[in-house]
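What the coordinates show
Below, each chain spelled out in residue letters.
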Amino acid sequence: MPLSSKEKIASCKTTLEANTRKRRASDNNHLHTKRARDDLGTGEHRQSEAKNMGEATPKRANFSALNPSNNGFNSRSSPLVNNKPGTSKKLVIKNFKVKPVLPANYQQQTWDRLKEAVQAIHKSRPIKYSLEELYQAVENMCSHKMSASLYDQLKEVCEQHVASQTGQFTSEMTDSLTYLKQLNTCWQDHCRQMIMIRSIFLFLDRTYVLQNSLVSSLWDMGLDLFRSHIISNRTVQNRTVEGLLMLIESERTGDVVDHSLLKSLLRMLSDLQIYEEAFEKRFLEATQMLYGAEGQRLVHEREVPEYLTHVDKRLEEESQRILHYLDHTTRKPLIACVEKQLLEDHIGTILQKGLDRLLEANRVDDLTLLYRLLQRTKNGLHDLCQYFSAFIKKTGTTIVIDSEKDKTMVQELLDFKEKLDNILQTCFAKNEKFSVSLKDSFENFINKRLNKPAELVAKYVDNKLRAGNKEATEEELERLLDKIMVLFRFIHGKDVFEAFYKKDLAKRLLVGKSASVDAEKSMLSKLKQECGGAFTSKLEGMFKDMELSKDIMFAFKQHMQHQCHATVMDLSVNILTMGYWPTYKPLEIHLPSEMVNLQEQFKRFYLDKHSGRKLQWQPSLGHCLVKGQFREEGSSVKELQVSLYQTLVLLLFNEGDNYSLEEIAQATNIEDSELRRTLQSLACGKARVIVKLPKGREIEDGDKFLFANEFKHKLFRIKINQVQMKETVEEQVTTQERVFQDRQYQIDAAIVRIMKMRKSLSHNLLVSELYNQLRFPVKPSDLKKRIESLIDRDYMERDKDNPNQYHYVA
Amino acid sequence: MKVKVKSWTAVATWRWIANDDNCGICRTAFDGCCPDCKMPGDDCPLVWGQCSHVFHMHCILKWLNSQQVHQLCPMCRQEWKFKE
Ligand SMILES: [Zn+2]
Ligand SMILES: [Zn+2]
Ligand SMILES: [Zn+2]
């Protein structure tokens, strides 16, 4: 029962909708295997409909028109109808053997129609037939085992078309942009056409292609054709790639270029699977050349911050390039290439040229950028850390080493540390290695100058803890002490610090100069935490003495009241345990008898309570509150806060009107230089309560002194400071000497301790044990001297045969 | 009277009378403390016996506790009595 194609197609129409839907449903999986992209295809957008279609629809004859029961109408529903229960008419078909016979020219005719459609697509002309007709024709041909020839025929038509396109790209053309645009148009057309062709030949794609693993899908077949006929052509490929590289280069030099053109052509290369081989390699070479030269030139021409900003911009541009048109696989090699050419090859130059200045000028933003960029390179951070450390050591050394800058050393160190901490925190991401390096570098330079930094840190603390320091609140002071402790931690000669700290603490405690007991205690606990209880036990003892003294004075006052002594003046005594406090030279000076009496009364009282003790007065540490009556007839009374020495000088004027320097010396027995300083403070300072004749700043032999009857001052209570300067120089020397002496004792004790335990030890082992035990810096030659001295004193002896071996002498 | 002292804050240091000697029990100088203590001074006082020998209090107490029968001065072997 032959049917004309036309009739057959017409008969199909009713089933078309169902067919199309079914087809779409199975499309989904299949399409994913294609290289076709969303933006080129249209079939993919149909997905939602597919959900409605059951996949379970039984396979049926596609040539529905041949189904005899239905007037040429497809009866897809017939099997269902037949199975319906209760249907009276039973139709059973057995052994349907008669094969449908096709007209002889069926294949040719059908193909002609299809070919016509394909050619119309290629020429962008309207197609005479509906797509459904064409689709059905393909389906029919496939069902009649014509698939293979259909595929070959289709391929041939497409090949003819693609081949015909080659010519326009091999002929001479001057403008490369026009060339690229033309190629792009050709490619876009090709894709569009292949999608349309594929949708017509979908059945072929779905059956024949799928069943034959050696046959490419229609889409891939199209790509193969485009590749072999157009892009594999040497000339075409060269011109295309060169054109693309030129476009990119002109964008790199600042021009605006057509991103969509670049993107489309680069995707074309990817789709044709020649992106890497034909384009990427040359692109990376061009990139390397460009940035290699640019890096060489700019790193010398530009200042480091400008250079870094430029590199950052370049990296950003390149990653935009990847986002906008390059294949994502190019990201890694491209960025690596830019990093190498612009950064990695120049790390040394950048750091050497710019780091110090950036650090000096605290250029936080630039440093952050530097860190961020170097982080991308292999050794960048390592190198940065080394330069950072070198900078700290260099700068720190200049702060520490110059004795002219001693006055500001500690403040400068604190500022320097704070600045570096800030840089570490905000610019260097709190990098642990940098942090360690910062500490090591500080420790390194701060100990380049022995003893002095320790002394100055102690002085600095004294300055901050001393009364009258109103510049800081309690919290600020606490923070400051914490910062000081950080510096302290770096210092090796902690005993030097302790000695000076102790001397200053003694002054603060005894002269009532401490700004805050809380701050003192807090500093003490910080030191204890840092160095252990042994380090602070004596300092703690000093505080304890002060407390005990208060108790004793309370008892003494009760005792005095009990004795009904007429109190001429109020006495309080601070009793210091020797050994806790700095050592003071015992001085015998002349006190007025009433003061001597009072002193004796106290001494008796004290020794009565504490037997087995000796008491030594320390006049240089005493101070008084003195009432002075100036202008004989007026009532100008002032209260003077003065040292005991100043008091003794003033008291002389109760007995006489004027005294020579020599007379005062004899009357008080104050040591000469001390006395001169005392007189200077009373006669040459801000509040001049005695008058020096002749006038002058310095106290000379033969100078005479009068009571300043005309003394005027706006305040009632006046504090007259001792002249300090010379005193501190002397004190400093003695304090330091004491530290060194103490170190010798400690070395001796340590040697004896070790030898006593080990009995016999080589020189080297002894020295290394000593270095483990001693907490201050010491030269090997000093250790050797102490060992010699102990041998002389028979604490140990040399081995008879081996002079480098020592034995303990019990 | 031109000048009158209202109050006087004096400073004195104290040490043991026997400061330069060593404790006969622990051999440490008296300006230091006994081996059980960390701080010399009030925390580790000295005591005298009627025999006039002097020791760290902690040292002599330990010594006396270790004596089974008679409590003798470790230096002169006379009966130990604290000096009042
Ligand atoms: Zn003892
Ligand atoms: Zn003790
Ligand atoms: Zn005795």
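In this text the structure is predicted, and so the values were computed from the model without any measurement.

Quick word on the overall build of chain A
Of regular secondary structure, chain A possesses 32 helices and 11 strands. Within chain A, the fraction of its 810 residues that count as buried is 47%. A separation threshold of at least 6 residues defines the contact pool for chain A, and within that pool the share at least 24 residues apart is 71%. On chain A, roughly 42,900 Å² of surface is accessible, and the fraction owed to carbon and sulfur atoms is 51%.

Concerning the overall build of chain B
For chain B, the helix and strand inventory stands at 1 helix and 3 strands. If you list the helices and strands of chain B from N to C, you get β-β-β-α. Relative to the 2.2 N^0.38 estimate, which gives 12 Å for 84 residues, the radius of gyration of chain B is 18 Å and therefore markedly larger than a compact globule would have. In terms of overall dimensions, chain B has a C-alpha envelope of 70 × 25 × 20 Å along the principal axes. Across the 84 residues of chain B, 48% fall into the buried class. Of the contacts formed within chain B by residues at least 6 apart in sequence, a portion of 41% connects residues at least 24 apart. In the form shown here, chain B has an accessible surface area of approximately 4,700 Å², with 49% of it arising from carbon and sulfur atoms. Across chain B, 10 positive and 8 negative side-chain charges occur, with their mean positions spaced 9 Å apart.

Re the pattern of salt bridges
All names here are of chain A. Evaluation of the coordinates by the stated rule reveals 45 salt bridges over all chains. The closest approach of N and O atoms between Arg-363 and Asp-366, which form a salt bridge, is 2.7 Å. You can call Arg-363 partly exposed: its relative accessible area is 37%. Here the residues in one salt-bridge network are Glu-251, Arg-252, Glu-318 and Arg-321, joined through shared partners.

Structural notes on the coordination of the zinc ion (ligand 2)
Residues and elements named next belong to chain B. Cys-34 (SG), Cys-37 (SG), Cys-44 (SG) and His-58 (ND1) make up the full set of protein donors to the zinc ion (ligand 2), lying at 1.9 to 2.4 Å. For the zinc ion (ligand 2), the 4 donor atoms in the first shell make angles of 96 to 117° at the metal, so the coordination geometry reads as tetrahedral. We note that the donor set of the zinc ion (ligand 2) lies within a single chain, spaced as C-x2-C-x6-C-x13-H. Linking Cys-37 in the loop between β1 (3–16) and β2 (46–48) with His-58 in helix α1 (residues 57–66), this pair joins segments that are 21 residues apart in sequence.

What about the sheet that holds strand β9 (residues 760–762) of chain A?
Residues and elements named next belong to chain A. Reading across from one edge, β9-β11-β10 is the order of the 3 strands in this open sheet, with antiparallel pairing throughout. A strand with exactly one partner marks an edge of an open sheet, and here the two such strands are β9 and β10 (796–798). Pairs of neighbouring strands in the sheet enclose a mean axial angle of 25°, with direction left out of account. By the bridge criterion, 3 bridges tie β10 to strand β11 (residues 805–808) in an arrangement that is antiparallel. In the strand pairing of β11, Arg-798 is matched with Tyr-806. Contacting β9, β10 and β11, helix α31 (residues 763–773) crosses the sheet at an angle of about 90° to β9.

What about the coordination of the zinc ion (ligand 3)?
Residue and element names in this part refer to chain B. Here the zinc ion (ligand 3) is held by Cys-51 (SG), His-53 (ND1), Cys-73 (SG) and Cys-76 (SG), and the distances to it run 2.0 to 2.5 Å. In this structure, the zinc ion (ligand 3) is coordinated by 4 donor atoms arranged in tetrahedral fashion, with angles at the metal of 104 to 113°. Written as a sequence motif, the donor arrangement for the zinc ion (ligand 3) is C-x1-H-x19-C-x2-C. The exposure class of Cys-51 is buried, given its relative accessible area of 16%.

Quick look at the UniProt feature "domain: RING-type" (unreviewed entry) in chain B
Taken from the UniProt record, the annotation "domain: RING-type" (unreviewed entry) applies to residues 34–77 of chain B. Helix makes up 23% of residues 34–77 of chain B and strand 14%. Its end C-alpha atoms lie 21 Å apart.

Re the interface of chain A and chain B
With 51 residues of chain A at the contact, the number on the chain B side is 23 residues. Carbon and sulfur atoms make up 57% of the surface buried where chain A meets chain B, a total of about 3,700 Å² over both sides. If you sort the residues of chain A by the area they bury against chain B, Met-578, Arg-613 and Lys-614 of chain A come out on top, with a joint share of 17%. Remark: the boundary between chain A and chain B carries 27 residue pairs in polar contact (both at pLDDT 80 or more). Those elements that provide at least two residues to the side of chain A that touches chain B are α25 (533–563), β1 (570–577), α26 (593–609), β2 (613–617), β3 (623–630) and α27 (644–652) of chain A. Broken down by element, the residue count for the side of chain A that touches chain B peaks at 8 residues, all from β1 of chain A.

Brief notes about the environment of Gly-348 of chain A
Topologically, Gly-348 of chain A is positioned in helix α16 (residues 347–360). Each C-alpha atom of the pair Gly-348 of chain A and Arg-192 of chain A lies 54 Å from the other, and the pair is 156 residues apart in sequence.

Brief notes about the packing of helix α4 (residues 106–122) of chain A against helix α6 (residues 147–170) of chain A
Residue and element names in this part refer to chain A. Relative orientation of the contacting elements α4 and α6 amounts to 30°, with a least axis distance of 11 Å. In terms of orientation, α4 and α6 fall into the roughly parallel class. In the packing of α4 onto α6, the handedness of the crossing is right-handed. In this structure, α4 uses Gln-107, Trp-111, Leu-114, Lys-115, Val-118, Gln-119 and His-122 to contact α6, whose residues at the interface are Ser-149, Leu-150, Gln-153, Leu-154, Val-157, Cys-158 and His-161.

Quick notes on a negative patch on the surface
All names here are of chain A. A cluster of like negative charges, contributed by Glu-474, Glu-475, Glu-476 and Asp-518, occupies part of the molecular surface. Considering each element in turn, the negative patch owes the most residues, 3 residues, to helix α22 (residues 474–490). You can see Asp-518 is positioned in helix α24 (residues 517–531).

Description of the side chain of His-346 of chain A
Residue and element names in this part refer to chain A. Positionally, His-346 belongs in the loop between α15 (331–342) and α16. Under the relative-accessibility criterion, His-346 is labelled buried at 4%. From its side chain, His-346 meets the backbone oxygen of Gln-341 in a polar contact 3.0 Å long. With residues up to four places along the chain from it excluded, the contact list for His-346 reads Gly-295, Gln-296, Val-299, Tyr-307 and Gln-341.

Considering the confidence of the model for chain A
Close inspection of predicted coordinates is inappropriate in any region flagged by low pLDDT. Per-residue pLDDT for chain A averages 84, and the proportion of residues at 70 or more is 85%. Within the model, pLDDT remains below 50 along residues 1–87 of chain A, and this stretch shows 96 contacts once partners closer than five positions in the same chain are excluded.

A closer look at the pairing of β3 of chain A
Taken together, the 8 bridges between β3 of chain A and strand β4 (residues 636–643) of chain A define a ladder with antiparallel strand orientation. Bridge pairing in β4 of chain A links Lys-627 of chain A to Glu-639 of chain A.

Side note on helix α23 (residues 494–510) of chain A
All names here are of chain A. Across its 17 residues, α23 extends 24 Å between first and last C-alpha, which sits within 8% of the 24 Å expected from 1.5 Å per residue. Across the 17 residues that make up α23, a large majority, 16, are buried. In the segment just after α23, Gly-512 is the residue with positive phi, at about 65°.

Details of the nonpolar core
In this structure, Phe-201 and Phe-279 of chain A are the most contacted members of the largest nonpolar core, which totals 159 residues. Considering every element that reaches this core, the biggest residue donor is helix α7 (residues 176–200) of chain A, with 10 residues. Domain assignment of the residues forming this core places at least three in each of domain 2 (106–232) and domain 3 (237–241 + 248–336) of chain A. In this structure, Leu-615 and Ile-690 of chain A together with Trp-16 and Ala-18 of chain B belong to the second largest nonpolar core, which totals 74 residues.

Details of the environment of Met-194 of chain A
All names here are of chain A. Checked against the element boundaries, Met-194 lands in helix α7. On the basis of relative accessibility, which here comes to 3%, the residue Met-194 falls in the buried class. Expressed as a C-alpha distance, the spacing of Met-194 and Leu-218, which sit 24 residues apart in the sequence, is 7.7 Å. With sequence-adjacent residues up to four places away left out, Met-194 is seen in contact with Cys-158, Leu-218, Trp-219 and Gly-222.

Some remarks on the packing of aromatic side chains
Overall, the coordinates contain 31 aromatic pairs over all chains when judged by the stated rule. For the pair Phe-388 of chain A and Phe-428 of chain A, a centre-to-centre distance of 5.3 Å together with 85° between the ring planes defines the contact as edge-to-face. With Phe-388 of chain A in helix α18 (residues 380–401) and Phe-428 of chain A in the loop between α19 (406–426) and α20 (432–446), this residue pair connects regions lying 40 residues apart in the sequence. For the pair shown, Phe-388 of chain A and Phe-428 of chain A are each scored as buried. Considering the side-chain rings of Phe-630 of chain A and Phe-707 of chain A, the 5.0 Å spacing of their centres and the 0° angle between planes classify their relative orientation as stacked. With Phe-630 of chain A in strand β3 and Phe-707 of chain A in strand β7 (residues 704–707), this pair connects stretches of sequence that are 77 residues apart. As far as the burial class goes, Phe-630 of chain A and Phe-707 of chain A line up, both buried. An aromatic cluster of at least three residues, connected via ring pairs, comprises Phe-391, Phe-416, Phe-442, Phe-445 and Phe-490 of chain A. Against the face of Tyr-179 of chain A rests Arg-239 of chain A, its NZ or CZ located 4.3 Å from the ring centre. Here the basic side chain of Arg-613 of chain A rests over the ring of Trp-14 of chain B, its NZ or CZ set 3.5 Å away from the ring centre.

Conventions adopted
Residues numbered from 1 in each chain as written. Chains lettered and ligands numbered in written order. Predicted model: local features only at pLDDT ≥ 70, side-chain atom pairs only at ≥ 80, totals over all residues. Heavy atoms only, no water. Helix = DSSP H or I, 4+ residues; strand = E, 2+ residues; numbered from the N terminus. Buried < 20%, exposed > 50% of the residue type's maximum accessible area, 1.4 Å probe, protein only. Contact = heavy atoms within 4.5 Å. Areas by Shrake-Rupley, 256 points an atom, 1.4 Å probe, with all protein chains shown as cover. Rg over C-alpha atoms; globule rule 2.2 N^0.38 Å. Lys, Arg positive; Asp, Glu negative; His and termini not counted. Charge placed at Lys NZ, Arg CZ, Asp CG, Glu CD. Salt bridge = Lys/Arg side-chain N within 4 Å of Asp/Glu carboxyl O. Donors = N, O, S within 2.8 Å, 3.2 Å for Na, K, Ca; no water. Tetrahedral: all angles 85-135°; square planar, octahedral: opposite > 155°, others 65-115°. Pairing = 2+ DSSP bridges. Axes fitted to C-alpha atoms, helices over the stretch in contact; angles between N-to-C directions. UniProt positions renumbered as here; feature names shortened; annotations may be inferred. Buried area = accessible area lost by both parts, 1.4 Å probe. Polar contact = N/O pair within 3.5 Å; in protein donor to acceptor, adjacent residues only side chain to side chain. Parallel < 35°, antiparallel > 145°, perpendicular 65-115°, else oblique. Left-handed = near helix turned anticlockwise from the far one by under 90°. Patch = residues over 30% accessible without salt bridge, like charges linked within 9 Å, V, L, I, M, F, W, Y side chains within 5 Å. pLDDT = per-residue confidence, 0-100. Expected span 1.5 Å × (residues − 1). Core = buried A, V, L, I, M, F, W, Y, C linked by side-chain atoms within 4.5 Å. Domains from an automatic or database assignment. Phe/Tyr/Trp six-rings, centres within 6.5 Å; stacked < 30°, edge-to-face > 60°. Lys NZ or Arg CZ within 6 Å of the ring centre and 35° of its normal.

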